[in-house]
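Geometric and topological summary
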4 protein chains.
Amino acid sequence: MKRQFLIVLIFALSFAFVSGQRKIVNLPDIPGYVTIKCDFHMHSIYSDGDVWPTVRIDEALRDGLDAIAITDHLEYTPKKDYIPLDFNAAWKIGEGYAKERNLILVHATEITRKMPPGHFNALFINDASLIAKDSVWDAFEAAIKQGAFLQWNHPGWKSQEPDGIPKLYDIHKRMLKNGWIHGIEYFNDSEYYPLVFTFCKQNNIALMGNSDVHGIISEIYKSSEYKNRPMTLVFAKEKSHDSLKEAMFAGRTMVYFKDILVAKEEYAKPFFNQCISVGKPFFQNDKNRYFEVTNNSDVTFYLINGIANSPATITLAANSVTRVVVSKKVTSPLTYDVKNVLTGEKDNLKIELKY
Amino acid sequence: MKRQFLIVLIFALSFAFVSGQRKIVNLPDIPGYVTIKCDFHMHSIYSDGDVWPTVRIDEALRDGLDAIAITDHLEYTPKKDYIPLDFNAAWKIGEGYAKERNLILVHATEITRKMPPGHFNALFINDASLIAKDSVWDAFEAAIKQGAFLQWNHPGWKSQEPDGIPKLYDIHKRMLKNGWIHGIEYFNDSEYYPLVFTFCKQNNIALMGNSDVHGIISEIYKSSEYKNRPMTLVFAKEKSHDSLKEAMFAGRTMVYFKDILVAKEEYAKPFFNQCISVGKPFFQNDKNRYFEVTNNSDVTFYLINGIANSPATITLAANSVTRVVVSKKVTSPLTYDVKNVLTGEKDNLKIELKY
Amino acid sequence: MKRQFLIVLIFALSFAFVSGQRKIVNLPDIPGYVTIKCDFHMHSIYSDGDVWPTVRIDEALRDGLDAIAITDHLEYTPKKDYIPLDFNAAWKIGEGYAKERNLILVHATEITRKMPPGHFNALFINDASLIAKDSVWDAFEAAIKQGAFLQWNHPGWKSQEPDGIPKLYDIHKRMLKNGWIHGIEYFNDSEYYPLVFTFCKQNNIALMGNSDVHGIISEIYKSSEYKNRPMTLVFAKEKSHDSLKEAMFAGRTMVYFKDILVAKEEYAKPFFNQCISVGKPFFQNDKNRYFEVTNNSDVTFYLINGIANSPATITLAANSVTRVVVSKKVTSPLTYDVKNVLTGEKDNLKIELKY
Amino acid sequence: MKRQFLIVLIFALSFAFVSGQRKIVNLPDIPGYVTIKCDFHMHSIYSDGDVWPTVRIDEALRDGLDAIAITDHLEYTPKKDYIPLDFNAAWKIGEGYAKERNLILVHATEITRKMPPGHFNALFINDASLIAKDSVWDAFEAAIKQGAFLQWNHPGWKSQEPDGIPKLYDIHKRMLKNGWIHGIEYFNDSEYYPLVFTFCKQNNIALMGNSDVHGIISEIYKSSEYKNRPMTLVFAKEKSHDSLKEAMFAGRTMVYFKDILVAKEEYAKPFFNQCISVGKPFFQNDKNRYFEVTNNSDVTFYLINGIANSPATITLAANSVTRVVVSKKVTSPLTYDVKNVLTGEKDNLKIELKY
C-alpha cells in the first residue's frame, strides 16, 4: 500500500545479461527456408585473439546468432610461447559449451598466407592439424579432403592489396576451376569489396560477411553507428549443422552489415517482402491518400527514385510503422529502388508498394 | 569497387525520426481482443504544460501509442495572461493532425479540485467548456451528460494525501454508487497506488496508468531505468475510437510501467501466454534437460518461487530466448510466480512452463 | 551491515535533471577572454516553434549554454488563430525566468523575407513590434535604430538558394556598406556554408552558428552522431550581457558543431592550445619515445599530415589522454594540421606538439 | 563551398577508442597528495578469467585507471588442461605492455582458500610461484617475506558467509596482530560490506574497492546504472609504483562505486571540497538569494538534512552547476550531510556551503 513496495520491487527487477540468453534479431525467414544468422570468421587466444573460445559463443548469443566458426590461424600464433600449439583447441573447448546453448559451432581454421592466395577459412572440417602444411596447395587439398567449405577472406584487404581491389590471381583461377572456393567475403569487419559480388555471381558461389573479430565484439561494434557485427545470413532447409552446410555449398546466403543487405535478387526480394507489409489507406482528403507501411525487421530500408507525384524517397525505419502520403493522381503500386539492398555489384533491389 | 562507395552510401543512411512514424511496441494482442496502447493524461500549453498540442501526438507515435487524451485543466490555467482561455483548444488543434497519423485522439479535460474529490479526467466528451462549473458535482454531472468516462487521477498524490494512501471520501462513495467513476489511476508518472487495485476490483472499474506529462516525454523517460512512459493497455474488439470506449467502460484494461504489468488475472494470464513460448528440450545429459523459452515482448518477466530441483528464479529477458536447465528429477511443467505481473493488490500471476 | 543498506541508498541516488541545473561543457576560455557559449536562433509557440519560451531556457541550461536569443518570426506566425500576436511575448515570458537561472537572454526577433535578402535576426533590441514593417529596409533601419546586431541567417538555405551557395545580392552589399550586417550563420542546424567564412573575413564580421530549433533540442540532437547543437562561442571580456554584445560587434566568435570548430586563426590557435597539453616522454626504448597528450576539452581533435617518421595522423579524443609513440630519429616538435579546426574557407589550423 | 565538403569531413571524424588512450576521470587530487585510481583484483585466462592479460590493461586505460593488479588464483586454475600453470604469467605478459602505456602494473596473486581465512590478494610481490604453499599460513608468510600488501577479499561473500556479514575468525585476529592484513575489500564487484569500515578503522588499515572481474569490464558495467567499476582511490605523494605502495601501507585510500564514496573523514572532506565550489549570489529578490554550486567531478553528491528555511535536499549533479535558492532569513553557510559519502560504518560526511 506504500510507495516502498514499488521501490523494492523495481530494484529487484534490474536485469543483467546471462550466459545462455540469446537476443532476438528481427531478420525474417523466407518462403521455403529458415534464415540462419552466422559469423564464420573470428579468433581466440589460440591464435592472435584476446579471449577464451567460450567468450565467442557468449558474444554470439548476445548478438542473436545461430552459428559461428572460430577460425584461429594455422600460421600465425603469436602466443605460442605461453600457450601450447593446438589447432583444434578452440573447437574442443567450445563444442560442448555451444551444444548446451543451442548454438551451432562449425569446426574451422584459417589458412594464412601472403597474397596470392591470401587468407582462407576452411569450414566444416574434422581436424585442423592435418591442414597445417608447408605448401598452401597441400593445405587446401587437405581441407577439401575433409569436405571443407573454403572461404576466401578479405580479398581486397589493404595490407595485401594496397588499392583495396580484389584480384583473381592464377592460383584463385585454378582453385575456382577445381571448385575449391565456395564463398568469398564481401564484408570483413568494416571493410567491404563490391567486386566480390561479381566474382560470386560468375562462379555461383556464396557471398560471405564476417566480423574477423580479434578483440571484444561489444567494444568494437558498440557505437550506435553499428547496429550489429557483419553477418552471413544463410537460407537453410532447417536450423541444423548439416542443413547449414548444404545451404552454404548451394550458395544461399545474404550478407548484412550496418543496415546494408547484399544478395542475389532471388533472396533479396522475398526477404524484403517478409520484412514489410503495406496497409490499406486509413485516411484520405481531396488531394491525398494516407497509408501505412509496417517494417517488422531490424533493418531500416531507404527507398529512392519514387515515381512522379509520389514521395521521391521513403525511409522505412526498423521496427516502425511509416505513414505514406500519396497524391490521388497516382495509382497503386508505387515503385522504388532500395538504396541499401544491393543485388549486384552496382544494382539495387527494385520493389513495389501496393496499397 | 572502391571503399568510397560504402562511405557515401552509409552516410546517406543516417536516420532521423520523422513525424508520422510509429515505433512498434511489442505488447501482444490477447485472444478475442486487440491491445490498444494508450495514455489518457497529459497537458499542453492550454493549461500548465510546456508544449503545443501536436507535440503530444508526435510523442505518442514515437512511443508506439495508439490512443491518447490531452487533458488540460479547467481550473488551473497559469498561461491565461498570454493565451486566451479555450477549454477545447487542444482538441481542435489536434483532431485533424491525429487523424492524418492514424492516432485515436480522445476529446477530454481535467476537473481539478482539492481533495476530496481531487482531480478527475473526463474522457470521451463533446465540449469541455460545458464542464467548467463552480460546483464539482455539477461538473461531474455535465461530463456524465456528455457520456464521459470519469477517471480518478493520482488518488494518493502526496500533495493531496500526505501519506500517499488513496482514501474513499463520501463524495467518492456517492460517485461510485451513481456509477460515475469508471477508472482510477494505479500509475501516474512515477507514482503508483497498490490500493487502487482493490478499489477497482470491488467496483468492477478500470485500472488506469498514465504519464500526466507536463514537460517533454523523451526527457522525462529517457534514462534506461524507464523503458517507456506509464501506459494503459485496453483490450478492445477492434482498433477504433468506439471500440476503445466500449472496452474502457467494460473495464478491460491492464497498466504497464517499467516492466511492471498490473491487471486482473483474466487479462494478465492470456497476455503472458501470448508473450512467451516454450520449446521442446534441445539437449540433455545424464542429469539435466535443456530447453528454451522465447519472449517476443518488450517486457522482461521475472519468475520466482520455482519448485524443488528446478531453478528458483528465471529471468525471461525482453525480446530474448532464455535457456532453462532443469534436473531430470523434475517433470514438466515447472510452476512460477511472476514477480512483475500483479493480479491483485498483493498477488502475483502464477504460470506454468510446459516443455 | 546488511546488503539492504546499499540497496536503499542506491535507489535513493537515482538522479533526474532539475530545472536550473547547468551541464558543464568543457570548452576553455582563451587568454584575455571568457568563452560564452551561445545559440542565437530558436523559435517558440509565438511563431512556428513547438514549445513555451521557458523550455528554450531549460534546454539551454541542459546543454551548458550561457546565452540565448528566442527569435520568433515577425512575418510567419501560423498559430495566430489560437494565440494573439505579441512580438515581444517570448522575451517577456523568458526574461525573469532566465535571470533567476543565471542565463543571459538576448531580446531578439527574426525578420523573415524571401531571398533577397532572406532571413535576418535582430539581436539586442528593445521592442520587436517596432521592427514589424512592410518594407524590409524599413525593418532593418528600425532594428539598427535600436542598436541591433543583425545576423544574416542560413544564407545558402536550399529553400531559398537551390544550389546551397550563399550569394551577395545588391541589398546585402548595401547593408554591408552601411555596416548593417554584423554576423552571418556558418552553421544553421545541420546545414553549413563554407563561403560564409570568406564573407565574414572580407567584411570583418562575426561567424555565427545556431540551432534554429523549432521542435525539441534533445530529440533533434540526441543521436551520438551529434554531441551538441550548433553553437556560437563568443570571446568576451567577462560573462555579462553587455560584454557579450561588445564581443559580438567586435567579431570575436568561433562556431562549433559536431567536433568541428571554425574561427579565425587568432582565436582558433589559443583555443586549441588551451584544450591540450603535451607531457614529457614517460618511456623510451631503442627506437622510440613515448609521450602523452592530454585533451581536457569536449572536442576530439583529428591531427593530419604528420612529418616523416612521426605518426601520419593522431586522434586526440575528447576528455582523454592520448599516447604518442615517435621515432628517436625525429626531434620535437611534431607539426600537424587539425582536420576539424578550420581557419578559413579551405584552411586548417596548423599546430605543434612539443614534447 | 558545397555541402559535400562537410559530409566527407564528418565521416572521416568518426572515432574509435585506440589502445593506449586513457579516459580522463574527474576525481580530483587532494591537498598534499595525487589521487591514483586503481583496481587491485581481476583475473585473466591464467586462472578463471576469460581474457588475455593485456585486455585488463586496455580496459583499465579505457576506464581511466592509473594502476591495476592482475590477481590470478594460485589454487583455482580450471584451464590448466589447456594452458600450462605459470603463476607469474599475467605479470610477465603485462609488464612491458603496461609500461609502454604509462600504467602501473602491480605484481600480484590471489591466495584462494575456504573461509576461514577466505581469499587474500598478495600485492607488490616478486614471485607468485613461491607463495603457492599447501598451508595457507605458509603462503601468507611467503608473501610477507616478499614485502606483500595483503588484502582480504570480499570478507562477507555469500558463498563463504551465507548471511553476508564479515567475521573476524581466529586466523584473522592472528594476522592482524602480526600486521599481516593491510587492507580489506569494502566493495567487491556489486557486493559491499559496511562492517569493513569498522574493521579498517580499528586496525588502521586500508579500505579497498575492486572489480574482481572475470569477464569483460565493458559488458559488466555497461548499464547507465553503473558509471564505473568499483575503484580504490589511493592518495599518494606522486604517481609512481613506489609512492602507490607507500600510500597503501599507510592506509590512505577511498573506495568508489556507483556514486558512493567511502573514506575516513580526513580524506573524504578535502576530496569533497576539491570537487565543488560555491559562487556568490548572482540574483536576489525580496525573499530569496540565488547562488550556484559547481561540481567539477564525475560524482553526483546528494546533500540531505538541510537546516530550517533552506532546501531540505540538494542534488549536486556530476559535471554540472546547480542553482540553490535560499531564503534571506537564513545566513550563510548552509550545512548538510552528504548521503553518498560515508565516513564510517553508519556515518555521513557533514559539509558546509558558504555563499
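Treat the numbers as computed from the prediction; the structure is a model and nothing was measured.

Helix and strand counts for chain A come out as 9 helices and 21 strands. For 355 residues, the compact-globule estimate of 2.2 N^0.38 gives 20 Å, and chain A sits close to it at 23 Å. Seen through its C-alpha atoms, chain A measures out along the principal axes to roughly 75 × 65 × 35 Å. Taken over 355 residues, chain A has a buried fraction of 49%. By sequence separation, contacts in chain A at least 24 residues apart represent 62% of the contacts at least 6 residues apart.

This part takes up the packing of helix α2 (residues 53-62) of chain B against helix α3 (residues 89-99) of chain B. Residue and element names in this part refer to chain B. α3 packs onto α2 with a crossing angle of 40° between their chain directions and a minimal axis gap of 8 Å. When the axes of α2 and α3 are compared, the pair comes out oblique. In the packing of α2 onto α3, the handedness of the crossing is right-handed. Between α2, through Pro53, Thr54 and Ile57, and α3, the contact on the second element is made entirely by Ala90, Ile93, Gly94, Tyr97 and Ala98.

Turning our attention to the relation of the copies chain B and chain C. For these two chains of identical sequence, chain B goes onto chain C by a turn of 180° and a shift of 0.0 Å along the axis, with RMSD 0.0 Å. Between the two chains, the operation in question is that of a two-fold axis. No C-alpha of chain B lies nearer the rotation axis than that of Val51(B), which sits 2.2 Å from it. Comparing interface residues between copies, 100% of those in chain B also lie at the interface in chain C; the contact surface is shared.

Here we take up unusual backbone geometry. A cis amide bond links Met115(A) to the next residue, Pro116(A), at an omega of -15°. Residue placement: Pro116(A) occurs in the loop between β5 (108-112) and β6 (119-123). Positive phi values are uncommon outside glycine, yet Asn309(B) reaches one of about 65°. The residue Asn309(B) is located in the loop between β17 (301-304) and β18 (314-316) in this model. The backbone of Lys258(D) sits at a positive phi, close to 50°, despite the residue not being glycine. Within the secondary structure layout, Lys258(D) lies in the loop between β12 (253-257) and β13 (260-262).

All names here are of chain A. Each domain of chain A was delimited in the assignment, giving domain 1 (17-258) and domain 2 (274-353). Taken over C-alpha atoms, the centre of domain 1 sits 35 Å from the centre of domain 2. Contacts between the two partners involve 11 residues from domain 1, matched on the other side by 8 residues from domain 2.

To continue, consider the interface of chain B and chain C. With 15 residues of chain B in contact, the opposing surface of chain C contributes 15 residues. Looking at side-chain class alone, the side of chain B that touches chain C contains 10 nonpolar, 2 polar and 3 charged residues.

For the rest of this paragraph, the subject is the environment of Glu352(C). Residue and element names in this part refer to chain C. Structurally, the position occupied by Glu352 is in strand β21 (residues 348-353). Using a count of 11 C-beta atoms within 10 Å as the deciding quantity, one classes Glu352 as exposed. Expressed as a C-alpha distance, the spacing of Glu352 and Asp337, which sit 15 residues apart in the sequence, is 8.8 Å. Sequence-distant contacts of Glu352, that is, excluding residues within four places in its chain, are made with Pro333, Leu334 and Thr335.

With that settled, the discussion passes to the pairing of strand β17 (residues 301-304) of chain C. Note that β17(C) and strand β18 (residues 314-316) of chain C share 3 bridges and pair antiparallel. Across the sheet, Phe301(C) pairs through a bridge with Leu316(C), a residue of β18(C).

Attention now goes to the nonpolar core. General note: in soluble globular proteins, nonpolar side chains tend to be found buried as a group. Residues Ile68(B), Tyr186(B), Ile68(C) and Tyr186(C) are the most contacted members of the largest nonpolar core, which totals 213 residues. With near-sequence residues (within four places) excluded, Ile68(C) lies in contact with Cys38(C), Asp39(C), Met42(C), Arg56(C), Ala60(C), Leu103(C), Leu105(C) and Val106(C). Listed in part, the 212 residues of the second largest apolar core include Leu27(A), Ile93(D), Met208(D) and Met231(D).

Further remarks concern the confidence of the model for chain A. Predicted confidence across chain A gives a mean pLDDT of 93, with 94% of residues reaching 70 or more. Counting contacts from residues 1-14 of chain A, a segment whose pLDDT is below 50, to residues more than four positions away or on other chains yields 17 contacts.

All names here are of chain C. Among the structural elements, Glu345 can be located in the loop between β20 (334-342) and β21. Placed 83 residues apart in sequence, Glu345 and Val262 show a C-alpha to C-alpha distance of 9.2 Å. Setting aside its immediate chain neighbours within four residues, Glu345 contacts Pro194, Leu195, Phe197 and Thr198.

Within a regular beta strand, the side chains point alternately toward one face of the sheet and then the other, so they alternate between its two faces. Residue and element names in this part refer to chain A. Bridge count for strand β2 (residues 34-39) against strand β11 (residues 231-236) is 5 bridges, and the pairing is antiparallel. Residue pairing across strands places Val34 opposite Ala236, the latter belonging to β11. Here 2 bridges tie β2 to strand β3 (residues 67-69), and the two strands are oriented parallel to one another. Within the sheet, the bridge partner assigned to Asp39 lies in β3 and is Ile68.

Residue and element names in this part refer to chain B. Of all 10 residues in α2, 8 are buried; the element is thus mostly enclosed. Every buried residue belonging to α2 is among Pro53, Val55, Arg56, Ile57, Asp58, Glu59, Ala60 and Leu61, and all of these are buried. Considering only its buried residues, α2 is in contact with β1 (22-23), β2 (34-39), β3 (67-69), α3 and α7 (217-220). Two residues or fewer after α2 comes Gly64, characterised by a positive phi angle close to 75°.

The rules behind each value
- Residues numbered from 1 in each chain as written.
- Chains lettered and ligands numbered in written order.
- Predicted model: local features only at pLDDT ≥ 70, side-chain atom pairs only at ≥ 80, totals over all residues.
- Helix = DSSP H or I, 4+ residues; strand = E, 2+ residues; numbered from the N terminus.
- Rg over C-alpha atoms; globule rule 2.2 N^0.38 Å.
- Buried ≥ 20, exposed ≤ 12 C-beta atoms within 10 Å, placed from the backbone.
- Contact = placed C-beta atoms within 7 Å.
- Axes fitted to C-alpha atoms, helices over the stretch in contact; angles between N-to-C directions.
- Parallel < 35°, antiparallel > 145°, perpendicular 65-115°, else oblique.
- Left-handed = near helix turned anticlockwise from the far one by under 90°.
- Least-squares fit on C-alpha atoms with pLDDT ≥ 70 in both.
- Domains from an automatic or database assignment.
- Nonpolar A, V, L, I, M, F, W, Y, C, P; charged D, E, K, R; others polar.
- Pairing = 2+ DSSP bridges.
- Core = buried A, V, L, I, M, F, W, Y, C linked by C-beta atoms within 7 Å.
- pLDDT = per-residue confidence, 0-100.

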